[in-house]
Amino acid sequence: PLPSGRDAYRTLADYDADMAALERDHPELVTTFTLPHRSLDGREIRGVEIGRDVHGPDRGLPTFLMLGVHHAREWPSGEHAMEFAVDLAKNYGKDPRITDLVDRARVVVVPVVNVDGFELSRTDGGLVDLRSLDDGGTASLLATPGNAYKRKNCRLVDGQDTPDGTCRAGSATSPGGFGTGVDLNRNYGGYWGGPGASDLFADPTYRGATAFSEPETQNIRELISSRHVTTLITNHTFSNLVLRPNGAAPDLVPPSEGVPLGDPFDEAALKALGDAMAAQNGYTSQHAWELYDTTGSTEDWSYNATGGFGYTFEIGPDEFHPPFPQVIDEYLGAGEYAGKGNREAYLLALENAVDPATHSVLTG
Ligand code: 0X9
Ligand code: ZN
């Protein structure tokens, strides 16, 4: 079983309840926090921090940051992040490897960055009766797929919002996933405005009006800027990939100094850790731009702004939110995914976060 014992996807309320319970069960080790900016629909965005004497100052300890659900429909990305937090808390003081790592770092987990989008995707997957929304109830029943495959956040744009002014991705002409919102993984400041992101509101990769225009990306910027984040993993679904910087191809973004065109300065070490994690979860390790070009993604900004290593995990072979038993096996490395779990990959990332200079992956 998963560390939490869960056997179904969490709702947003479940995430909040589980984070509060984790703090209650481990008061010296775990604290919950609320990020500074509420979502556009007014929701609080919460996370957990884990560390020895977690209520005291961090004393300059390195931070390992784990993020989930930038994209609303990518439910396993929050589940794996949350399970890792539960895993560390439950095994602290029991498993020597975990105890040592948690003693030497702060671990910060924000399982659901895009709370508005996730709430819609998670709860409004059914058919939507648009009669009440767009024609006063006079005409057709326009059944849509609802919001289960919504991607973006809940930004509305004047004159371009949906009939009732709520955050509804699905419509008759634009079934779930497109429609309203900013793509939060194109809204960060790294290379913002460059290739691989759209300036059209209706597009799935709409970058927003300006870099960091959205409260959700502002939250993560401020979190990272207030910490010593030496390694982060931002979880997405799907494609079984471990992606490392940069997000855009070498000829499209300014080259780093003194290294082959387009390769980040830390390419050798970034690749070593990416490859080592991929050896644990069975994914393919590659530059993010080898998937396709992006600008304004989380680590397009964080790596270039802070030097902390950042990776995107694309969890799962072929579905945004597959049946939950698969999500369990993919975390643990069990069943059909025997020996290919994200748990071990995350632990490697945490080891690197704690001690990049001497971690065996990087030193051979
Ligand atoms: O397009 C994205 O934002 C990610 N794929 S997803 O299907 N989850 O939407 C991939 C982003 C990879 N690029 C960088 N992280 N730079
Ligand atoms: Zn995604």
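Throughout this description, residue numbers start from 1 for each chain and increase along the sequence as written. Throughout, the order in which chains and ligands are written sets their labels, letters from A for the former and numbers from 1 for the latter. Under the rules for a predicted model, residues below a pLDDT of 70 receive no local features and side-chain atom pairs below 80 are neither given nor counted, while totals for whole chains, interfaces and linings still include all residues. The side-chain values count all of the structure's non-hydrogen atoms but skip hydrogen atoms and water molecules.

(A) View of the packing of helix H1 (residues 12-25) against helix H2 (residues 76-91). Every angle, taken between N-to-C directions, lies between 0 and 180 degrees, and every axis is a line fitted to C-alpha atoms, over only the stretch in contact when it is a helix. What counts as a helix is a DSSP run of H or I of at least four residues, what counts as a strand is a run of E of at least two, and both are numbered from the N terminus. The interhelical angle for the contact between H1 and H2, taken along N-to-C directions, is 10°, at an axis separation of 11 Å. Considered as vectors, H1 and H2 are oriented roughly parallel to each other. In terms of crossing hand, the pair formed by H1 and H2 is left-handed. In contact with Tyr-15, Asp-18, Met-19 and Leu-22 of H1, H2 contributes Gly-78, Glu-79, Met-82, Ala-85, Val-86 and Ala-89. Each residue is assigned to one class: nonpolar for Ala, Val, Leu, Ile, Met, Phe, Trp, Tyr, Cys and Pro, charged for Asp, Glu, Lys and Arg, and polar for all the others, Gly among them. The class makeup of the residues in the contact of H1 with H2 is seven nonpolar, one polar and two charged. The cut-offs work like this: below 35 degrees is roughly parallel, past 145 is roughly antiparallel, 65 to 115 is roughly perpendicular, and the gaps in between are oblique. In this scheme the crossing of two helices becomes right-handed for a clockwise turn of the near helix relative to the far one and left-handed for an anticlockwise turn of less than a right angle. We call two residues in contact when some of their heavy atoms are within 4.5 Å.

(B) Looking closely at the packing of aromatic side chains. Aromatic contacts are taken between Phe, Tyr and Trp rings whose centres are within 6.5 Å, Trp giving its six-membered ring; a plane angle under 30 degrees counts as stacked, one over 60 as edge-to-face, and the others as tilted. This structure, assessed with the given rule, holds 15 aromatic pairs. Where Tyr-15 meets Phe-118, the ring centres are 5.8 Å apart and the plane angle is 75°; that geometry is what we call edge-to-face. One end of the pair, Tyr-15, is in helix H1; the other, Phe-118, is in helix H4 (residues 115-123), with 103 residues separating them in the sequence. In this structure, Tyr-15 and Phe-118 share a single accessibility class: buried. Here the aromatic rings of Phe-64 and Phe-84 are separated by 6.1 Å at their centres, their planes lie at 80°, and the arrangement is edge-to-face. Taken together, the residues span a long stretch of sequence, with Phe-64 in strand E3 (residues 63-67) and Phe-84 in helix H2 at a distance of 20 residues. Grouping residues by exposure puts Phe-64 and Phe-84 together as buried. Taking the ring centre of Tyr-15 as reference, the NZ or CZ of Arg-10 above it sits at 5.6 Å. For each residue, the accessible area found with a 1.4 Å probe, counting protein chains only, is set against the maximum for its type, and the residue is called buried under 20%, exposed over 50%, and partly exposed in between. Lysine NZ or arginine CZ positioned within 6 Å of the ring centre and within 35 degrees of the ring normal marks a charge as sitting over the ring.

(C) Structural detail: the coordination of the zinc ion (ligand 2). Only N, O and S atoms count as donors, using a 2.8 Å cut-off from the metal and 3.2 Å for Na, K and Ca, and because water is excluded some sites may appear unfinished. Protein ligation of the zinc ion (ligand 2) involves His-71 (ND1), Glu-74 (OE), Glu-74 (OE) and His-236 (ND1), the donor distances falling in the range 2.0 to 2.4 Å. Between the donor residues of the zinc ion (ligand 2), the gaps in sequence give the motif H-x2-E-x161-H. The pair His-71 / Glu-74 is uniform in exposure class, with both members buried.

(D) Structural view of the packing of helix H6 (residues 215-225) against helix H8 (residues 298-306). Put simply, H6 and H8 touch, their axes get as near as 11 Å, and they point 25° apart. On the basis of the axis angle, H6 is roughly parallel to H8. Regarding H6 and H8, the two cross each other, and that crossing is right-handed. Across the interface between the two elements, Arg-221, Ile-224 and Ser-225 from H6 touch Trp-301, Ser-302 and Thr-306 from H8.

(E) Looking closely at the confidence of the model for the protein chain. How sure the predictor is of each residue is captured by pLDDT, a score from 0 to 100. In this model, the protein chain carries a mean pLDDT of 87, and residues with pLDDT of at least 70 account for 83%. Predicted confidence for residues 127-144 stays below pLDDT 50, and this span has 30 contacts to residues more than four positions away or in other chains. Here residues 169-178 is modelled with pLDDT under 50, and outside its nearest four sequence neighbours on either side it reaches 30 contacts, counting other chains as well.

(F) Broad picture of the site of ligand 1. Proximity criterion: a residue is near a molecule or strand once any of its heavy atoms comes within 4 Å of it. Taken together, 17 residues form the shell around ligand 1, and within it Arg-151, Arg-186, Tyr-292, Thr-294 and Glu-314 come nearest. Identification of polar contacts relies on pairs of N or O atoms within 3.5 Å, with a donor-acceptor requirement for protein atoms, meaning one able to donate a hydrogen and the other able to accept it, and with residues adjacent in sequence counted only if both atoms are side-chain atoms. In the model, a nitrogen atom of ligand 1 is placed 2.9 Å from a nitrogen or oxygen of the Glu-74 side chain. Method for areas: the Shrake-Rupley scheme with a 1.4 Å probe, in which residue coverage is limited to the protein chains shown. About the coverage of ligand 1: the protein hides 95% of its 420 Å² of free accessible area. Elements with a minimum of two residues in the shell around ligand 1: strand E7 (229-237), H8 and strand E10 (309-315).

(G) View of H2. Expected helix span is taken as 1.5 Å per residue step, with the number of steps being one fewer than the number of residues. Compared with an ideal rise of 1.5 Å per residue, which puts 16 residues at 22 Å, H2 spans 22 Å between its outermost C-alpha atoms and is within 8% of the ideal. Burial within H2 is extensive, with 14 of its 16 residues counted as buried. Looking one or two residues past H2, Gly-93 carries a phi angle of roughly 85°, positive in sign.

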